[in-house]
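# Chain and residue survey
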Amino acid sequence: MRLAAALLLALMPLAPAMAADDIDFVRGCWATRATPGGPVDGFLRLLPDRERGDRLEGHAVAAYGDPPPVRLDLSFARDGSALGLRRPAPGYEALDARLPSRYLRLPQVGAALLPRAGGHVAAYAQEDAKDWIVVKAYDERLTIQQIDAEGRVAVTYFDGERDGCD
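Reference entry: report on the structure contained in this document. Quick caveat: nothing in here was measured; it's all calculated off a predicted structure.

## Topic: the overall build of the chain
When helices and strands are counted, the chain shows one helix and 10 strands. Considering only residue pairs separated by 6 or more positions, the chain has 36% of its internal contacts joining residues 24 or more positions apart. For the chain, the exposed surface amounts to about 9200 Å²; the carbon and sulfur share of it is 52%.

Written as structure tokens, this is what we have:
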């Protein structure tokens, strides 16, 4: 993982953002569970935006509450070139009015960031940022994490399995 982190950091200032082949591997409905096989405690639905077909939009929400609190707001360009990400403001259950943080796609980082052979990976960063967002899909699982400058997971935004609601 540290090698991948060093490679990404070395490439970031020199490499322009590159569009992915696509990001459709994130499309669909996903569920999180506190324990394997346990009850669902959250959902993420990433589906084409009705008004703008060039984006996959969605919210990660808790499985409880009326309405359930939003944990994360996501927006992917369908070509994979950009990610918009917004988390609730500290101390608030609902999302605030801030604009989502925008991240641009880094060059394909390869299988080094995947825990197994196969699957899909996309990495995003803001200009001059030391951290980046890594989106991984493998074995019907989706993980979205913030990786720090040393290649360690700083924040796990989402880690769940395909729910099949699409």
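## Some points on the packing of aromatic side chains
Geometry of an aromatic ring pair is reported as the spacing of the ring centres plus the angle between the planes. For the structure on display, the rule yields one aromatic pair. One residue, R45, lies across the ring of F43, its end atom 5.1 Å from the ring centre.

## Some words on the nonpolar core
Ranked by internal contacts, the top residues of the largest apolar core, which has 23 residues, are F76 and L142. Those elements giving two or more residues to this core turn out to be strand 2 (40-48), strand 3 (55-62), strand 4 (70-77), strand 5 (82-86), strand 7 (120-125), strand 8 (132-138), strand 9 (141-147) and strand 10 (153-162). Here L142 is in contact with V26, W30, L44, L46, V135, K136, A137, F158, D159 and G160, once residues within four sequence places are set aside. V121, A125, W132 and I147 belong to the second-largest nonpolar core, a separate cluster that totals seven residues.

## Side note on the pairing of strand 3
The buried count for strand 3 comes to six of eight residues, which makes it a mostly enclosed element. The sheet contact formed by strand 2 and strand 3 spans seven bridges and is antiparallel. In the sheet register, R45 faces strand 3, and the bridge partner there is H59.

## Regarding the sheet that holds strand 6 (residues 101-105)
With antiparallel pairing, 10 strands are arranged side by side around a closed barrel as 1-2-3-4-5-6-7-8-9-10. Here the average twist between neighbouring strands, direction ignored, is 25 degrees.

## With respect to unusual backbone geometry
Negative phi values dominate among residues other than glycine, just as trans dominates among peptide bonds. One non-glycine residue, D139, adopts positive backbone phi at about 45 degrees. Among the secondary structure elements, D139 is positioned in the loop between strand 8 and strand 9. Taking the relative accessible area as the measure of exposure, D139 reaches 55% and is therefore exposed. The phi torsion at E140 lies on the positive side, around 60 degrees, for a residue other than glycine.

## Observations concerning the environment of I147
Mapped onto the elements of the fold, I147 is located in strand 9. Note on I147: relative accessible area 2%, which makes it buried. Taking the C-alpha atoms as reference, I147 lies 5.4 Å from W132; in sequence the two are 15 residues apart.

## What to know about the side chain of D148
Among the structural elements, D148 can be located in the loop between strand 9 and strand 10. Residue D148 is classed as buried on the basis of its relative accessible area of 13%. A polar contact is formed between the side chain of D148 and the backbone nitrogen of E150, at a distance of 2.9 Å. In this structure, D148 is in contact with K130, D131, W132 and A154, ignoring residues within four places of it in sequence.

## Some words on the pattern of salt bridges
Enumeration over the complete set of coordinates arrives at nine salt bridges. Salt-bridge contacts for R78 lead to D24; the nearest nitrogen and oxygen are separated by 3.0 Å. One end of the pair, R78, is in the loop between strand 4 and strand 5; the other, D24, is in the loop between helix 1 (2-11) and strand 1 (28-33), with 54 residues separating them in the sequence. The salt bridge involving E161 is made with R141; its shortest N-O contact spans 3.8 Å. Of the two residues, E161 sits in strand 10 while R141 sits in strand 9, which places them 20 residues apart along the sequence. You can call R141 partly exposed: its relative accessible area is 26%. Taken together, the shared-partner salt bridges connect R33, R141, D159 and E161 into one network.

Cut-off values and rules
Residues numbered from 1 in each chain as written. Predicted model: local features only at pLDDT ≥ 70, side-chain atom pairs only at ≥ 80, totals over all residues. Heavy atoms only, no water. Helix = DSSP H or I, 4+ residues; strand = E, 2+ residues; numbered from the N terminus. Contact = heavy atoms within 4.5 Å. Areas by Shrake-Rupley, 256 points an atom, 1.4 Å probe, with all protein chains shown as cover. Phe/Tyr/Trp six-rings, centres within 6.5 Å; stacked < 30°, edge-to-face > 60°. Lys NZ or Arg CZ within 6 Å of the ring centre and 35° of its normal. Core = buried A, V, L, I, M, F, W, Y, C linked by side-chain atoms within 4.5 Å. Buried < 20%, exposed > 50% of the residue type's maximum accessible area, 1.4 Å probe, protein only. Pairing = 2+ DSSP bridges. Axes fitted to C-alpha atoms, helices over the stretch in contact; angles between N-to-C directions. Polar contact = N/O pair within 3.5 Å; in protein donor to acceptor, adjacent residues only side chain to side chain. Salt bridge = Lys/Arg side-chain N within 4 Å of Asp/Glu carboxyl O.

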